[in-house]
Amino acid sequence: MKPNAHYQNPALCRSLADRIAEMAKGQIRIMEVCGTHTVSIFRHGIRFLLPESILLVSGPGCPVCVTDQRDIDAFIKLAGQDNTIIHTFGDLMRVPGSSSSLQKEKAEGRDIRIVYSATDAIDTAMVNPTKQVVFAGVGFETTAPTIAASVVAAKRMGIDNYSIYCTHKRVPPALDALASDRDMHIDGFLLPGHVSVIIGRKGYEPFFQKYRIPSAIAGFEPVDILVAILRLVEMITEGSPALINAYPRAVPENGNATARKTMETVFDTCDARWRGLGLIPGSGLAFRDEYAHFDAQRRFGITFPETCLPSGCLCGEILTGKITPPQCPLYNKACTPIDPVGPCMVSSEGTCAAYYNYAAGDDG
Amino acid sequence: MKKDRILLDHGSGGRMANRLIAEMMLPLFNNPMLSRLDDGASFDIPDGRMAFSTDSYVVDPIFFPGGNIGDLAINGTVNDIAMCGAVPLYLSVGLIIEEGFSIKDLEAILRSMSVSAEKAGVKIVTGDTKVVPRGAADKIFINTSGIGQIPEGVNVSGENARPGDKIIVSGTIGDHGITILHQREGLSFDAQMKSDSAPLNHLVARMLNITKNIHVLRDPTRGGVATALNEIAAKSNVGIRIRESDIPVKKNVAGFCSILGLDPLFVANEGKLIAFVEKQHADDVLRTVKEDPCGRDARIIGEVVSLHCGKVIMETAIGGERIVNMLTGEQLPRIC
């Protein structure tokens, strides 16, 4: 399997790992914020190459995993409405709500469709004018612009039966919440490549200036990740924190201004609830008044009772890297991919799923 | 056929049904055992052990690059029998057709079943056709069952893997599953993918001709290579080590998987096999596999070890290590 031979060059990876080992003094904790990084690290066996002194901890960067239980329940509630078609990305299907999942609802006969792009949902809305088509909006700055573009297009085309249940979230406020947590001991952040394509290196500047924790934007191939870790280890050992872009082939300094403008046209920032992390100020996206018509929550008057995490579920500790999945009492016992308690176990980018699938219960 | 659609009458068992069989099926599947049109086929059986298998085919879409549901239904059961180390002999075919199905499409499917059976050297000796009301089935479902003869001295089973065995995969993995996904979802990647659907019985015969010391044969269909290897590791109570850099994957399949967050190790194949071969015969068997049209890209991807029993461990392309677990449910495309 050699799709990206250069970025998976074994000799290069080995020499990068050796330089990391030479450079690292004492224990270093690096958080990979993004779920795609977590999976890539496991899938390529990167931990195996690194010295024991480098501890990689997984952060809250799997969008499905940080979706609040109430929002999952809202998707399920919407799916149960008559004449409603739910569109979702595949990751969300198996995520357990309080009493069901979209996958189980689909088996019950609800019309729930997996799509690859929000524009597919617009097509569905156009060919089903008597039905309500709701898109389950989950994701970070990576997906939010495409969702916003679909809303702008729907408005322009006068499509009235399309709406979004928006749980989109922003990464920098979550970094802020992590860095301000006194129980967190993170020496460096591996910043998400996809999100950075949109917000650019500059998007993290306020966060970096506030905390001055070494931070590196990284791509997803093994060489990308190892280069970024090496840069972080250099900064940490030399005591010279910086915010660097180690993924320049994809991430421009200022990100993608067009995508951000589309996102800002439709959405304003708001406070948002993150599963396991609670309310993070300014971390969510809410519809602006001009586009409020497309807000499924308002359109269908969705309300929900307070829910709490299932007993024993330590999603919050796992999503903030305070513990590893094998330290959760439910992991690989009450919570498995077949019978999950939390989304981290079923999302393809969830930390628990990564441990289960690639480390088989071992501690990484 | 004057009408161009299947009607409920075609499944009635009466004149319309007889005509469908006489005009469309007998000419294609012609053999004395079938043309007697008895309730079942009767034939002599050779001495020794037989293999018997059944599978149902519900693929959507029914036509795809590289094949259709018809040849898949023949190849699939032929391969299941071949993976028992047997020479496939006779097949049954059960058709469940949705009312209103295009007769032209049915003919195309039956024709490719006939071609595949001919290619595999098996006879379709008995069959059944049902027509169900519109909506009660999705276009057409096919069940095939088959029997085959296991040659003297052949003992192939998922329980037979032994430490030291070399693991051969007969070609690039994931081609079928990715082709189907690509077609079904109408994804607009210009990827030129093609299913690998093919009968593997002749390949298996060539391999067994080299040595009878082939311990396990498996066609990694649903669940892919990863699931098949996990099943074998568990059943044989052995450990399996594979090397990522030796696993053949077409560039377009690898690229497609990478974009959608899928792992080719879990993607279905319909014309590939995995063989566990005693170490000293592995190179000879590999050479033979590579001579076969179905095995040109064959590789040795790993071996059986007596450590980490029940687990499959992969040396990653960059020199790391990780577990390869069994597929839990269908792979679903990720968000980003």
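Residues numbered from 1 in each chain as written. Chains lettered and ligands numbered in written order. Predicted model: local features only at pLDDT ≥ 70, side-chain atom pairs only at ≥ 80, totals over all residues. Heavy atoms only, no water.

Asker: Before we move on, could you go through the domain arrangement of chain B and cite the residues and values that matter?
Answerer: For an interface, size is often stated in terms of accessible area lost upon the parts coming together. Residues and elements named next belong to chain B. Taken as a whole, chain B is organised into domain 1 (8-150) and domain 2 (166-323). Averaged C-alpha coordinates put domain 1 and domain 2 at centres separated by 27 Å. With 21 residues of domain 1 at the contact, the number on the domain 2 side is 21 residues. Interface area lost by domain 1 to domain 2 is led by Pro-65, Asn-79 and Met-83, which between them contribute 33%. The interface formed by domain 1 and domain 2 holds 0 salt bridges in total. Counting every contact that joins domain 1 to domain 2 gives 8 residue pairs in polar contact (both at pLDDT 80 or more). Only β2 (63-64), α3 (69-82) and α4 (103-120) provide two or more residues apiece to the side of domain 1 that touches domain 2. The element best represented in the side of domain 1 that touches domain 2 is α3, accounting for 8 residues. Class assignment for the residues of the side of domain 1 that touches domain 2 results in 11 nonpolar, 6 polar and 4 charged. (Domains from an automatic or database assignment. Contact = heavy atoms within 4.5 Å. Buried area = accessible area lost by both parts, 1.4 Å probe. Salt bridge = Lys/Arg side-chain N within 4 Å of Asp/Glu carboxyl O. Polar contact = N/O pair within 3.5 Å; in protein donor to acceptor, adjacent residues only side chain to side chain. Helix = DSSP H or I, 4+ residues; strand = E, 2+ residues; numbered from the N terminus. Nonpolar A, V, L, I, M, F, W, Y, C, P; charged D, E, K, R; others polar.)

Asker: Describe the sheet that holds strand β4 (residues 111-114) of chain A, listing the residues and the values that go with them.
Answerer: All names here are of chain A. With parallel pairing, 4 strands are arranged side by side in an open sheet as β4-β3-β5-β6. Each edge of the sheet is formed by a strand with only one pairing partner; in this case those strands are β4 and β6 (162-166). Neighbour-to-neighbour, the strand axes of this sheet turn through a mean angle of 25°, independent of strand direction. Bridge count for strand β3 (residues 84-88) against β4 is 4 bridges, and the pairing is parallel. If you follow Ile-86 over to β4, its bridge partner there is Ile-112. Lying on the sheet, helix α6 (residues 118-127) is in contact with β3, β4, β5 (132-137) and β6; it crosses β5 at an angle near 170°. Most of the contacts of helix α7 (residues 144-157) go to β6, to which it runs at about 150°, and overall it touches β5 and β6. (Pairing = 2+ DSSP bridges. Axes fitted to C-alpha atoms, helices over the stretch in contact; angles between N-to-C directions.)

Asker: I'd like to hear about α4(B), residue by residue, with values.
Answerer: Residue and element names in this part refer to chain B. With 18 residues, α4 extends 25 Å from end C-alpha to end C-alpha; this agrees with the ideal 26 Å at 1.5 Å per step. All of the buried residues in α4 are Ile-103, Leu-106, Ile-109, Leu-110, Ser-112, Met-113, Ser-114, Ser-116, Ala-117 and Ala-120. The N-cap of α4, judged by a side-chain oxygen 3.2 Å from the amide nitrogen of Lys-104 a few residues on, is Ser-102. With its phi angle positive at about 75°, Gly-121 sits one or two positions after the end of α4. (Expected span 1.5 Å × (residues − 1). Buried < 20%, exposed > 50% of the residue type's maximum accessible area, 1.4 Å probe, protein only.)

Asker: I'd love a proper account of a nonpolar patch on the surface, names of residues and values included.
Answerer: Taken together, A:Met126, A:Val127 and A:Met157 make up a surface patch of nonpolar side chains, about 310 Å² in accessible area. Counting through the fold element by element, A:Met126 comes out in helix α6. (Patch = residues over 30% accessible without salt bridge, like charges linked within 9 Å, V, L, I, M, F, W, Y side chains within 5 Å. Areas by Shrake-Rupley, 256 points an atom, 1.4 Å probe, with all protein chains shown as cover.)

Asker: I'd love a proper account of the state of the cysteines, names of residues and values included.
Answerer: Residue and element names in this part refer to chain A. Enumeration over the complete set of coordinates arrives at 1 disulfide over all chains. Across a sulfur-sulfur distance of 2.4 Å, Cys-62 and Cys-65 are joined as a disulfide pair. Between Cys-62 and Cys-65, the disulfide has an S-S torsion of 70° and is therefore right-handed. A residue is classified by how much of its surface remains accessible, and Cys-62, at 4% relative accessible area, is buried. When its relative accessible area of 1% is taken as the criterion, Cys-65 is described as buried. In this structure Cys-315 is not part of a disulfide, and its nearest cysteine sulfur, from Cys-313, lies 3.3 Å away. (Disulfide = S-S within 2.5 Å.)

Asker: Describe the packing of aromatic side chains, naming the residues involved and giving the relevant values.
Answerer: One pass over the full model with this rule turns up 9 aromatic pairs over all chains. When the centroid spacing of 4.3 Å and the interplanar angle of 35° are considered together, the rings of B:Phe43 and B:Tyr90 count as tilted. Placement of B:Phe43 in the loop between α2 (32-35) and β1 (49-57) and of B:Tyr90 in strand β4 (residues 87-98) is noted, with a sequence separation of 47 residues between them. By relative accessible area, which is 30% here, B:Phe43 ends up partly exposed. Each member of the aromatic cluster is reached from another via a ring pair, and the members are A:Phe189, A:Phe207 and A:Tyr211. (Phe/Tyr/Trp six-rings, centres within 6.5 Å; stacked < 30°, edge-to-face > 60°.)

Asker: Outline the pattern of salt bridges, supporting the account with residue identities and numerical values.
Answerer: Pairing is possible between side chains of opposite charge, provided their charged atoms come close. All names here are of chain A. Inspection of the entire model under this criterion finds 30 salt bridges over all chains. For Asp-111, the salt bridge goes to Arg-113, with nearest N and O atoms at 2.9 Å. Classification of Arg-113 by relative accessible area gives partly exposed; the value is 31%. Its salt-bridge partner being Arg-249, residue Asp-224 comes within 2.7 Å of it at the nearest N-O pair. With a gap of 25 residues between them, Asp-224 in helix α11 (residues 222-238) and Arg-249 in the loop between β9 (243-245) and α12 (257-266) connect regions that are remote in the sequence. Under the relative-accessibility criterion, Asp-224 is labelled buried at 4%. With a relative accessible area of 45%, Arg-249 lands in the partly exposed category.

Asker: Please set out the pairing of strand β10 (residues 267-274) of chain A residue by residue, giving values where relevant.
Answerer: Residue and element names in this part refer to chain A. Pairing of β10 with strand β11 (residues 278-287), which is carried by 7 bridges, proceeds in the antiparallel orientation. Among the inter-strand pairings, Ala-272 is bridged to a residue of β11, identified as Ile-280. A loop of 3 residues connects β10 with β11, the two strands running antiparallel in sequence, and Gly-276 in this loop sits at a positive phi of about 80°.

Asker: Tell me about the interface of chain B and chain A, residues and numbers included.
Answerer: Contacts between the two partners involve 34 residues from chain B, matched on the other side by 38 residues from chain A. Contact between chain B and chain A buries roughly 3100 Å² in total, counting both sides, with carbon and sulfur atoms accounting for 62%. At the boundary of chain B with chain A, the tally comes to 0 salt bridges. At the level of elements, α8 (251-260) and β13 (321-323) of chain B are the ones that each hand at least two residues to the side of chain B that touches chain A. Looking at side-chain class alone, the side of chain B that touches chain A contains 17 nonpolar, 8 polar and 9 charged residues.

Asker: Describe the environment of B:Gly100, listing the residues and the values that go with them.
Answerer: Residue and element names in this part refer to chain B. Looking at the secondary structure, you find Gly-100 in the loop between β4 and α4. Judged by relative accessible area, which is 13%, Gly-100 ranks as buried. In sequence terms Gly-100 and Val-267 are 167 residues apart; their C-alpha atoms lie 33 Å from each other. Other than its neighbours up to four places away in sequence, Gly-100 contacts Arg-5, Ile-6 and Arg-134.

Asker: Any details on the side chain of A:Arg275? Residues and values, ideally.
Answerer: All names here are of chain A. Position of Arg-275 among the secondary structure elements: in the loop between β10 and β11. It is Asp-68 that comes nearest to the buried, bridge-free Arg-275 among opposite-charge side chains, at 6.9 Å. Polar side-chain contacts of Arg-275 include one of 2.4 Å to the side chain of Gln-69. (Lys, Arg positive; Asp, Glu negative; His and termini not counted.)

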